[in-house]
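Listed here are the chains, written in short residue letters.
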Amino acid sequence: MRKQDLLDRLDAIGQSLETTGGALLLFGLGSVGTELERLDDYSDLDFFVIVKPEYKSRFIEQLDWLESVHPLAFSFRNTKDGHKILFEDGIYAEFAVFEENEMEHISYTEGRIVWQDAHFINNDLHIPTVQNGASKKEHSLDYSINEAVTNLYVGLCRYARGEKLSALKFVQGEAIDNIVNVLHLIEPEVEYFPDVFSHARRLEKRFPRFAQTIGDMMQGYHHVPESALHILKYLEAAFPVNQRMGEEIRRLAKICMELNEDSQ
């Protein structure tokens, strides 16, 4: 999907809101918000619609204001405030609808105003007043690294008893998440649109050195012990991991790999 198509679709939604009546403001978020520089052919539409009192349910329960722009192929009400949708031409969008008095309690990134009612005084509703997500400063290196180490241990214990899916989630899910949470304290970060809601977003551009090694740490369902050993090696290079825990993780990984060999 071409970038201009996304922007044009958002503009058309604004015109539809004006025609429908009852809406006050439309603003884009993310790559169709203030981060237009990273908009690409794989972007989608994220937007908020601010409506007059008593109009919220009308815009959530009736999607004619979107259908009139372009037919919908799919819609799913994923929250009480909005939907995930797919237009027939392949444009995907996620949106939420709020009344003005709700906005002081909503967490979001700064938006870009696409349309607003001529008689509406904005009061900077597109600029959040609630802290956006969890600050990366809240994660300490000591806590997150030790959490990751225990994730490896528990995951390998699960794997050894045959709970391979649970093991995968602990090793290649939770342990990796804990590393990513403090990656800015381990490696140099390239400034490239950090996402306050997910440290994993755009990681490959923000931490190119880590991106070259993460594949070894996430080898999939059948290679959980091998992945755990690569993660442990990375952790030990970044932090003084408890020696006994390291030994236990290597012992468990060896047992798991031997079990794999026996089952083949």
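Our subject is the structure that appears above.
Residues numbered from 1 in each chain as written. Predicted model: local features only at pLDDT ≥ 70, side-chain atom pairs only at ≥ 80, totals over all residues. Heavy atoms only, no water.

K.L.:
Looking at this model, I keep getting lost on the packing of aromatic side chains. Mind explaining?
P.N.:
Here a ring pair, both rings aromatic, is described through the centre-centre distance and the interplanar angle of the planes. This structure, assessed with the given rule, holds 8 aromatic pairs. Centroid distance Trp65 to Phe95: 5.3 Å. Interplanar angle 80 degrees. Geometry classified as edge-to-face. With Trp65 in helix 3 (residues 64-67) and Phe95 in strand 5 (residues 92-99), the pair connects residues that are 30 residues apart, well separated along the chain. Pair check on accessibility: Trp65 and Phe95 agree, each one buried. Of the aromatic side chains, those joined through ring pairs into one cluster are Phe27, Phe48, Phe98 and Tyr108. Over the face of the ring belonging to Phe87 we find Arg9, whose NZ or CZ atom lies 4.7 Å from the ring centre. It is Arg58 that lies over the ring of Phe59; its NZ or CZ is 5.1 Å from the centre. (Phe/Tyr/Trp six-rings, centres within 6.5 Å; stacked < 30°, edge-to-face > 60°. Helix = DSSP H or I, 4+ residues; strand = E, 2+ residues; numbered from the N terminus. Buried < 20%, exposed > 50% of the residue type's maximum accessible area, 1.4 Å probe, protein only. Lys NZ or Arg CZ within 6 Å of the ring centre and 35° of its normal.)

K.L.:
Can you walk me through the side chain of His83 in this structure?
P.N.:
Note on placement: His83 falls in strand 4 (residues 82-87). From its side chain, His83 meets the backbone oxygen of Ile60 in a polar contact 2.8 Å long. Ignoring sequence-local partners within four residues, the contact set of His83 consists of Ile60, Leu63, Ser75, Phe76, Arg77, Asn78, Ala93, Glu94 and Phe95. (Polar contact = N/O pair within 3.5 Å; in protein donor to acceptor, adjacent residues only side chain to side chain. Contact = heavy atoms within 4.5 Å.)

K.L.:
I'm lost on the pairing of strand 2 (residues 45-51) in this one. Help?
P.N.:
For a regular strand, side chains alternate in direction, first toward one face of the sheet and then toward the other. The buried fraction of strand 2 is high, at 6 of 7 residues. Taken together, the 7 bridges between strand 2 and strand 5 define a ladder with parallel strand orientation. Within the sheet, the bridge partner assigned to Asp46 lies in strand 5 and is Glu94. (Pairing = 2+ DSSP bridges.)

K.L.:
Could you clarify how one ought to interpret the packing of helix 10 (residues 224-238) against helix 11 (residues 243-263) in this entry?
P.N.:
Angle between the axes and distance between the axes: these two values describe a pair of packed helices. Where helix 10 meets helix 11, the closest approach of the two axes is 9 Å, and the angle between their N-to-C directions is 160 degrees. The pairing of helix 10 with helix 11 is recorded here as roughly antiparallel in orientation. As for the relative orientation of helix 10 and helix 11, their crossing is left-handed in sense. Where helix 10 abuts helix 11, its residues Pro225, Glu226, Leu229, Leu232 and Glu236 lie against Gly246, Ile249, Arg250, Ala253, Cys256, Met257 and Asn260. Class assignment for the residues of the contact of helix 10 with helix 11 results in 7 nonpolar, 2 polar and 3 charged. (Axes fitted to C-alpha atoms, helices over the stretch in contact; angles between N-to-C directions. Parallel < 35°, antiparallel > 145°, perpendicular 65-115°, else oblique. Left-handed = near helix turned anticlockwise from the far one by under 90°. Nonpolar A, V, L, I, M, F, W, Y, C, P; charged D, E, K, R; others polar.)

K.L.:
What exactly am I supposed to notice about helix 5 (residues 164-181) here?
P.N.:
One full turn of an α-helix is made of 3.6 residues, so residues set three or four places apart face in the same direction. Here helix 5 contains 18 residues, and its C-alpha end-to-end distance of 25 Å stays within 8% of the 26 Å for a straight helix at 1.5 Å per residue. Approximately 25 degrees is the largest bend angle found in helix 5, and it occurs at Phe170. Inspection of helix 5 places Ser166, Ala167, Phe170, Val171, Gln172, Ala175, Ile176, Asn178, Ile179, Val180 and Asn181 among the buried residues, and these make up the whole buried set. Where helix 5 is buried, its residues contact helix 4 (141-160), helix 6 (183-186), helix 7 (203-206), helix 8 (208-211), helix 9 (214-217) and helix 10. (Expected span 1.5 Å × (residues − 1). Bend = angle between axes of the 7 residues up to and from the residue.)

Bear in mind that shape data such as this cannot, by itself, settle questions of function.
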